[in-house]
Amino acid sequence: MHYPLTFHFKLLAFSPQIYVTDAHGGTVCYVKQKLFRFKEKVEVFADDTMRTQLATIEADRIIDWSARYTFKSPTGQVLGAIGRRGMKSLWRAHYDVFAPGAQTPTFAIQEANPWTKMLDGLVGEIPIVGIFTGYMLHPSYIATRGEGGAPTLRLTKQPALFEGRFGLTQEGPADEGEQLALLLSFLMMNLLERARG
């Protein structure tokens, strides 16, 4: 992957959509989340034509409190998983990422500063002023190897007016399978965190 990657969100779409592009502007993947499903299932495609499916992300339960989301290739091969830590995530978002074949978490994703996200959500609700929160506050999430280990990837909200935009930068080594598991983890985490405000 050619970092930094950019996540673009359409703010006025009926169902959440994410476009991911690389440093050269090439499309990495496209996600369109279907609404009104009892059990979460997100499909990841090569582009917005949705002809070539790259992966699916499926929840292991209906209610997403501490749910685990498994990533699978179109052939059913497990590409990794992400699990939200229920109680730990009440104040600061906290997720465990499992690389392909791992039984214990390989990475942990946490908010760098929960106050930034809280202020971003509060200011975003103020009429007129809320339009400009994308320029004022920039929450970020850091993936570390293990709990409190060395940083591997960082996702940071970027200035944008009529769309949501995040940049994913590499800060440490990870093999190809780990990078794919982390990319899918950040996609799913972003969908979950956006739904919670």
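The coordinates are above.
Just so you know, these numbers come straight off a predicted model, no measurement behind them.

Colleague: Lay out the overall build of the protein chain with the relevant residues and their values.
Modeller: Along the backbone of the protein chain there are three helices and twelve strands. Across the 197 residues that make up the protein chain, the buried fraction comes to 45%. Intrachain contacts of the protein chain at a sequence separation of at least 6 include 38% that bridge at least 24 residues. For the protein chain, the exposed area adds up to about 10,200 Å²; of that, 58% sits on carbon and sulfur atoms.

Colleague: Describe unusual backbone geometry, listing the residues and the values that go with them.
Modeller: Following Tyr3, the chain continues to Pro4 via a peptide bond in cis, the omega torsion being 0 degrees. Tracing the backbone through its elements, the reader meets Pro4 in the segment before strand E1 (5-10). Notably, Met50 is not glycine yet its phi reads approximately 60 degrees, a positive angle. Among the structural elements, Met50 can be located in the loop between strand E4 (41-45) and strand E5 (53-59).

Colleague: Now, about the nonpolar core: what can you tell me, with residues and values included?
Modeller: Residues Phe7, Ile82, Ile109, Leu168, Phe186 and Leu187 are the most contacted members of the largest nonpolar core, which totals 38 residues. Among the elements that make up this core, the one with the highest residue count is helix H3 (residues 176-195) (nine residues). The contacts of Ile82, once residues within four sequence positions are left out, are Ala67, Arg68, Tyr69, Phe71, Tyr95, Asp96, Val97, Ile109, Ser185, Met188 and Met189.

Colleague: Please provide a residue-by-residue account of the sheet that holds strand E8 (residues 94-98), values included.
Modeller: Taken in spatial order, the twelve strands line up as E1-E2-E3-E4-E5-E6-E7-E8-E9-E10-E11-E12 and close into a barrel, and their pairing is antiparallel. Averaged over all pairs of adjacent strands, the angle between their axes in this sheet comes to 20 degrees, without regard to strand direction. Strand direction decides the pairing type here: E1 and strand E12 (residues 163-170), joined by six bridges, are antiparallel. Note that in E12 the partner of Phe9 across the bridge is Gly164.

Colleague: Could you give an account of the pattern of salt bridges, with specific residues and numbers?
Modeller: Evaluation of the coordinates by the stated rule reveals two salt bridges. A salt bridge links Arg145 to Glu178, with the shortest nitrogen-to-oxygen separation between them at 2.9 Å. With Arg145 in strand E10 (residues 140-145) and Glu178 in helix H3, this residue pair connects regions lying 33 residues apart in the sequence. Across the pair Arg154 and Glu171 runs a salt bridge whose closest N-O atoms are separated by 2.8 Å. Taken as a pair, Arg154 in strand E11 (residues 151-157) and Glu171 in the loop between E12 and H3 lie far apart in primary sequence, 17 residues in all. Judged by its relative accessible area of 24%, Arg154 is partly exposed.

Colleague: Could you give me a rundown of the packing of aromatic side chains, with the residues and numbers involved?
Modeller: Under the counting rule described, the total for this entry stands at two aromatic pairs. Between Phe9 and Phe166, the ring centres sit 5.8 Å apart and the planes meet at 80 degrees, which makes this aromatic pair edge-to-face. Separated by 157 residues along the polypeptide, Phe9 in strand E1 and Phe166 in strand E12 bring together distant segments of the chain. For the pair formed by Phe9 and Phe166, the shared burial category is buried. Consider the rings of Tyr19 and Tyr30, whose centres lie 4.9 Å apart with planes at 50 degrees: the pair is tilted. Remark: Tyr30 occurs in strand E3 (residues 27-33) and Tyr19 occurs in strand E2 (residues 17-21); sequence separation between them is eleven residues. According to the relative accessible area criterion, Tyr30 is buried, its value standing at 4%.

Colleague: Please provide a residue-by-residue account of the environment of Ser140, values included.
Modeller: You can see Ser140 is positioned in strand E10. Spatially, the C-alpha atoms of Ser140 and Leu168 are 9.6 Å apart, while their sequence positions differ by 28 residues. Those residues in contact with Ser140, other than ones at most four positions away along the chain, are Gln110, Glu111, Ala112, Arg154, Leu155 and Thr156.

Colleague: Explain the side chain of Gln17 to me, using residue names and the numbers behind them.
Modeller: If you trace the backbone, Gln17 turns up in strand E2. The buried category is assigned to Gln17, whose relative accessible area is 12%. The contact partners of Gln17, leaving out residues within four places of it in the chain, are His8, Phe9, Lys10, Tyr30, Val31 and Lys32.

Rules used throughout
Residues numbered from 1 in each chain as written. Predicted model: local features only at pLDDT ≥ 70, side-chain atom pairs only at ≥ 80, totals over all residues. Heavy atoms only, no water. Helix = DSSP H or I, 4+ residues; strand = E, 2+ residues; numbered from the N terminus. Buried < 20%, exposed > 50% of the residue type's maximum accessible area, 1.4 Å probe, protein only. Contact = heavy atoms within 4.5 Å. Areas by Shrake-Rupley, 256 points an atom, 1.4 Å probe, with all protein chains shown as cover. Core = buried A, V, L, I, M, F, W, Y, C linked by side-chain atoms within 4.5 Å. Pairing = 2+ DSSP bridges. Axes fitted to C-alpha atoms, helices over the stretch in contact; angles between N-to-C directions. Salt bridge = Lys/Arg side-chain N within 4 Å of Asp/Glu carboxyl O. Phe/Tyr/Trp six-rings, centres within 6.5 Å; stacked < 30°, edge-to-face > 60°.

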